[in-house]
Each structure stands twice: as structure tokens, then as C-alpha cells.
Amino acid sequence: MEIQKYTQNEYIEKNKERFLEELFSILKIPSISTDSRYKKDVVKCASELANLLEKSGIEKVTIHTTKGNPIITGEKIMGTNCPTVLVYGHYDVQPPDPLDLWNNPPFEPTITDEKIYCRGACDDKGQMYMHIKAVETLVNTNICKCNVKFLLEGEEEIGSKSLEDFLETHKKYLQADAIIISDTALINKETPSITVGLRGLCYMEIEVTGPNKDLHSGVYGGAVENPINVLCSLMHKIKNEKGEITVPHFYDTVDSLSSEERKKLNEQPFDLDTYKRSLSLEEVFGEEGFNTIERTSIRPTFDINGIFGGYTGEGAKTVLPSKATAKISMRLVPHQNPEEIEKLVKNYIEKICPKTVKLKFTTHHGGNPVVTSTNSDAYHAASKAFLEAWGKEPIPAREGGSIPIVSLFQKKLQTEPLLMGFGLNEDAIHSPNESYGLFNYFKGIETIILFYKYYSTIKRVHKL
Ligand code: BES
Ligand code: ZN
């Protein structure tokens, strides 16, 4: 066995450049899962990632082909008496458009002002890769007292369907004492936090069809229904002036927090003026009776993500379009269920839709909301790790985004996930100029290493 030559921080310092170069090699691959034209790049990214895992000292690295995108597993087993940690991450990314708003090409990682700019820099290639480098560091400094298994997928941004099946077929392999995930954000750079809640998602497309072809808006306008007008009016009726969703029974299962829980939720630092300034907003908006923290964590939403139909080119074409479509998302909170919500919304829209048009609904991916424990061994270990690395105890915080597989980890593997993310809101995930701070990348690696140090002392150990 190699003798320990470096401390962990010395090892990170010595290998800093390589830790970045390797990350860049996967950032360069446009592994966009939402667009089937990028399938080859998704597969290429999986294979490059598997190579990097092997080079980092991870054993039994396997690329599993699925009906969708490849899933990668690998492990580093240190002993039957060591606790086992399953690390989850995703190597797929969102499309980069609108392209003209990027300061650099979206798949050419660039460092400016101590930040890596690239699609996927934070969500989630950068955060996922911190784990691989943390384990490499532990192995090379001879102090790894935990077993680590990796589970990396390429369909998170499209609902993790293949991984859902994989959980069923590989239940035994995936048994672990904890699941650790870095795909969330910190409250801010000075305020470390551990995410303890994520919203769920229900996503669907509504197509409204009027006449069987596009018509002259002068010849037919006023006599034939315009599907875009109908769609706008339907969408308008989904929310009232209080910002509440009007779909009957939409809120029936929504968990209302006790005043104590609400107070706790609002203890996190938040400055509304800074928030508004960062988005160039005069005013925020939202459901009456709730503030911005609450509106983005414990309350459900209804949003049109895209709406199209008719003529959108240059100049003024006079046309009464045949079709109009809206892509809508609803963020859900405990205990709303995406399938039930979908039914409620469909029924309501069908009910209020005029007979002059036809409706077609298409369901996209969804996911359940989650709340994770603040009392697990992993949570306590992470808390100590943050305290040591950041000099502050992390605050438990609920976030508004969704990671569909997390609730299935709880349900199907019966293992508690730990959401230990290092992103920042300013990282602009899903937006142009996504970034990830070099500070967050390296501090994240350090914090993960400390997590293993503390977690290795737990008594309750899963038998391999
Ligand atoms: N990393 C995000 C989720 C996230 C973002 C959690 C911010 C907490 C704070 C994840 O990769 C993501 O974007 N998920 C999608 C899921 C969906 C497409 C099924 C999302 O939330 O839109
Ligand atoms: Zn994402």
C-alpha cells in the first residue's frame, strides 16, 4: 500500500489544474437530453465520464445501456465494516438557447472572474465531478473509510425514466446507508445550507385546434374561432387576481406548515431588494399571503414555459392560425401527486374550453415533491463537514427546483437522500451564461471529503 504523502488539501492543491481540465473535457460535450439530435453526444459524454471514473481509481466502472440514455455505475469498496455511500449525479444538460445571449460559446468552458462559464458547469457536471475528485483524493491519501458507489445518469433533465426502471432491476447493488447528491444550491456564498425539500413537477403540452388550415384573418376573422385567442383566455383563467390557481381541488392535498415551521423557513437570510435588483425587477409577484421564500419552496405554481402558433416571423402576416400550443409546468409541493394534478388540470381546461375548438393534451415527464430528514447520520455528518470547511453550521433550506429520482430513492430503495449542493442562484442554471465558481468547486470537494471523514464514524452499517 502506498504511504500517505499528502494531506487532502495538499493533494487537491497539487492536482487543481487537472481537476479542472478533466471537468472541461466533459463540459465540452453537448449532452443535451431534451433534444434527440444530441443523442450521440450524450453517449459520448457517458463514455468520456466512464473513462475519467476509471482513471480516478473507481473500480468496476460499467456503462449500462438503457431504453434511453446510458447509466454509469462504479465503486470503491474499502471494507465490509465501512458504511456505504451511493453518489448520484447527472451528466445530461438543458439546451443552451437562446444562443445569442451567451458571451462565449455554450460548450466551450471559459474561466472569467474566477467562474467557469459553460452549459452544465453547475447543473450538474461541475457538481457531479466534485464527487469523483473527492473520492480520488480520499483513495490517494489513504484515508477512505467509506465504501462509495456511483450512479450517474443522462436523463435527469427529462424525468429520469430509465433510472426509475434501473432502480427496480438493480435494487441490491444500489443498497447503501446514505445517498448523497450535489445538484442543488447554497443560500449564498457566505451561508452554507443543506437542501431538505424539493418541489415536484407536472409538465404537459396543450394543443388547441380551430379550423383545418391557416386562414386569411380578414376573410374569416370574426366568424371562425382563433385558437391562439382561446389558448390565451384558457391560460388566463388558471390563476385569479390573488395569484391562486383556480383549478378545483388543486390545493386539496397541499401541506400547510405550522407557524413554527414557517418561522424557521423564514430564518434564512434573504434580502428582497437584492433579489429584485439581481433580476432588474421593480416588483415581485406571487400568491397573496406568502412571501418570496415561501412562494419558491412550499407553494405550488402554474407557469407557461412556451406558447406558440400562428405567424412569428418578421413583418405583419395576416393569418388566423389553425393551431396554438402551450407548454405548461406546475411545481408541486408535498403531498401533491403529479398524475392527480394532471387529471384535475385536464378536466378543468376541458370544462372551460369553448366548443369552437378541439383540445389535445400531451404529458411530459414529472416527479414527486420531497422532504428529506434533518436527523439522518448523513445530515449530521454533512453538518459537521460544513462547519469545519466553511466555519458555519449549514441551514436546512427548501428549494423550488425538482430532481425527480429523489422521491424514488426514498420509496424504492428506502434510503434517505442527502442534498448537499454547492451551486448559487447567480450560477444561472438553465439560462444563458451558466457558471460555477472555482471557489465552490474546490470548497465543495473539500467539504465532501470531510463528509466522508465524519460519516465513516457512524455505527449503523449496511452489510455489503
Ligand atoms: N439541479 C436541478 C434542480 C434544482 C435546481 C434543484 C435548483 C434545486 C435548485 C435539476 O437538474 C433540474 O433542473 N431539474 C429539472 C427537473 C425536470 C426537468 C424534471 C427542473 O427542476 O426543472
Ligand atoms: Zn437542471
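For the structure, check the block above.
Given the structure is predicted, the values throughout are model-derived calculations rather than measurements.

Basis of the calculations
Residues numbered from 1 in each chain as written. Chains lettered and ligands numbered in written order. Predicted model: local features only at pLDDT ≥ 70, side-chain atom pairs only at ≥ 80, totals over all residues. Heavy atoms only, no water. Pairing = 2+ DSSP bridges. Helix = DSSP H or I, 4+ residues; strand = E, 2+ residues; numbered from the N terminus. Axes fitted to C-alpha atoms, helices over the stretch in contact; angles between N-to-C directions. Buried < 20%, exposed > 50% of the residue type's maximum accessible area, 1.4 Å probe, protein only. Polar contact = N/O pair within 3.5 Å; in protein donor to acceptor, adjacent residues only side chain to side chain. Contact = heavy atoms within 4.5 Å. Near = heavy atom within 4 Å. Areas by Shrake-Rupley, 256 points an atom, 1.4 Å probe, with all protein chains shown as cover. Nonpolar A, V, L, I, M, F, W, Y, C, P; charged D, E, K, R; others polar.

Strand order in the open sheet made by the four strands is E10-E11-E9-E12, with antiparallel pairing throughout. Both outer strands of the open sheet, strand E10 (303-309) and strand E12 (358-367), are each paired with one neighbouring strand and no more. Going from strand to strand, the sheet's axes swing by 15 degrees on average, the running direction of each strand aside. As defined by bridge partners, strand E9 (residues 200-209) adjoins E12 across eight bridges and the pair is classed as antiparallel.

All right, on to the side chain of Lys133 then. Within the secondary structure, Lys133 sits in helix H3 (residues 125-140). Classification of Lys133 by relative accessible area gives buried; the value is 0%. Side chain to side chain, Lys133 and Ser56 meet in a polar contact 2.9 Å long. Apart from the residues within four sequence positions on either side, Lys133 is in contact with Arg18, Phe19, Glu22, Ser56, Tyr441 and Ile445.

Attention shifts here to the site of ligand 1. In the vicinity of ligand 1 lie 17 residues, with Glu156, Asp183, Arg331, Ser402 and His430 positioned nearest. Residue Asp123 places a side-chain N or O atom 2.8 Å away from an oxygen atom belonging to ligand 1. Arg331 has a polar side-chain atom sitting 2.8 Å from an oxygen atom of ligand 1. Protein burial of ligand 1: of its 520 Å² of free accessible surface, 90% is covered by the chains. Split into classes, the residues belonging to the shell around ligand 1 amount to five nonpolar, six polar and six charged.

All we've got here are geometric facts, nothing functional implied.
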